[in-house]
Amino acid sequence: MRMNTEGLIIKEHKTNGDDRLVTVLTKDYGVLRAFVRGAQRLKSRTQCGSQMFSYADFSIYRGKDAYVIDEIQTKEIFFDLRNDIGKLALAQYFCELQYELAPQESDAADFLRLTLNCLYMLSKNKRPELQLKAIAELRTLSLAGYMPDLVACDGCGKFEDDVMYFGTYDGHLYCSECVDDVPCEELPLSVVTAMRYICYSQPEKLFSFTLGEENYPILSDVCEKYLLNQTNRKYKTLDFYKSIT
Ligand SMILES: [Zn+2]
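Residues numbered from 1 in each chain as written. Predicted model: local features only at pLDDT ≥ 70, side-chain atom pairs only at ≥ 80, totals over all residues.

Peer 1: Honestly, the overall build of the protein chain in this entry has me stumped. Any pointers?
Peer 2: Along the protein chain, the regular secondary structure elements total six helices and nine strands. Against the 2.2 N^0.38 benchmark of 18 Å for 245 residues, the protein chain shows a C-alpha radius of gyration of 20 Å, consistent with a compact globule. With the C-alpha coordinates of the protein chain rotated into their principal frame, the extents come out at 65 × 35 × 30 Å. Residue pairs in contact within the protein chain that sit at least 24 positions apart in sequence constitute 57% of those at least 6 positions apart. (Helix = DSSP H or I, 4+ residues; strand = E, 2+ residues; numbered from the N terminus. Rg over C-alpha atoms; globule rule 2.2 N^0.38 Å. Contact = placed C-beta atoms within 7 Å.)

What follows is the structure in structure tokens.
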């Protein structure tokens with residue numbers, strides 16, 4: 001069966017020989033790993049389109065024991081990301097999040113759209129890096145089934161308080177009267193509002209919130225802790241991003 005779908009290269013794997021092995025986040029078939037025929041050869045038609053961050057139309061078929069990509073029509077390569085080591089590292093982290101959390105062998109249109117928008121905003125300096133990082137983390141988690149319950153305090157139902165508390169292990173929100181001995185992050189209300197926005201807004205509105213400069217690090221930090229506690233693993237690209245910024 002031949003599959004024609006749009007996708008984004010989210011990982012390059014080392015191989016010997018002329019074929020390149022890549023992981024693609026595809027719109028219709030989720031995350032899949034495939035060989036790109038002849039991609040390592042000089043002047044190959046598939047060479048450019050099979051690089052990291054290449055967004056393209058892919059023609060894929062199932063070979064004897066692996067998927068094979070034999071045609072690539074490139075749409076965007078996010079060239080600007082390569083001029084800034086910090087942005088490049090963050091972009092790789094966005095891709096690692098998809099590698100870990102996006103589905104396999106099923107529709108992943110929402111994951112692809114989110115990632116493409118994050119890469120675009122990052123490459124064109126459209127939003128602060130920490131805002132994009134938080135959106136990539138929390139929205140990907142929400143799409144993947146880890147959506148926290150941010151509607152109201154889990155104890156008394158209070159909708160908002162000057163300061164609220166978020167449990168990065170249980171994914172619940174608490175007011176100052178109900179927060180007990182649950183390990184929680186203390187958050188200003190504006191950060192809680194931003195988190196609600198990231199989880200609950202329509203895709204086309206996702207990037208249209210702003211925070212005070214001082215609150216982006218708080219938002220980024222709480223979303224990262226929630227990610228690490230929910231998925232219980234390390235992200236190499238995150239460690240690298242943090243080591244250089
Ligand atoms: Zn309460």
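This is not the end of the story, as more comes after the structure.
Peer 1: When you look at the domain arrangement of the protein chain in this model, what are you seeing that I'm missing?
Peer 2: As a measure of interface size, the accessible area lost when the parts come together is often cited. You can read the domains of the protein chain as domain 1 (2-76) and domain 2 (80-244). Using C-alpha coordinates to define each centre, domain 1 is positioned 29 Å away from domain 2. If you look at the interface, domain 1 gives 15 residues, while domain 2 gives 18 residues. If you list the elements that add at least two residues to the side of domain 1 that touches domain 2, you get β1 (2-13), β2 (20-26) and β3 (30-36). If you tally residues by element for the side of domain 1 that touches domain 2, the top one is β1, at four residues. Here the residues of the side of domain 1 that touches domain 2 are counted per class, giving eight nonpolar, four polar and three charged. (Domains from an automatic or database assignment. Nonpolar A, V, L, I, M, F, W, Y, C, P; charged D, E, K, R; others polar.)

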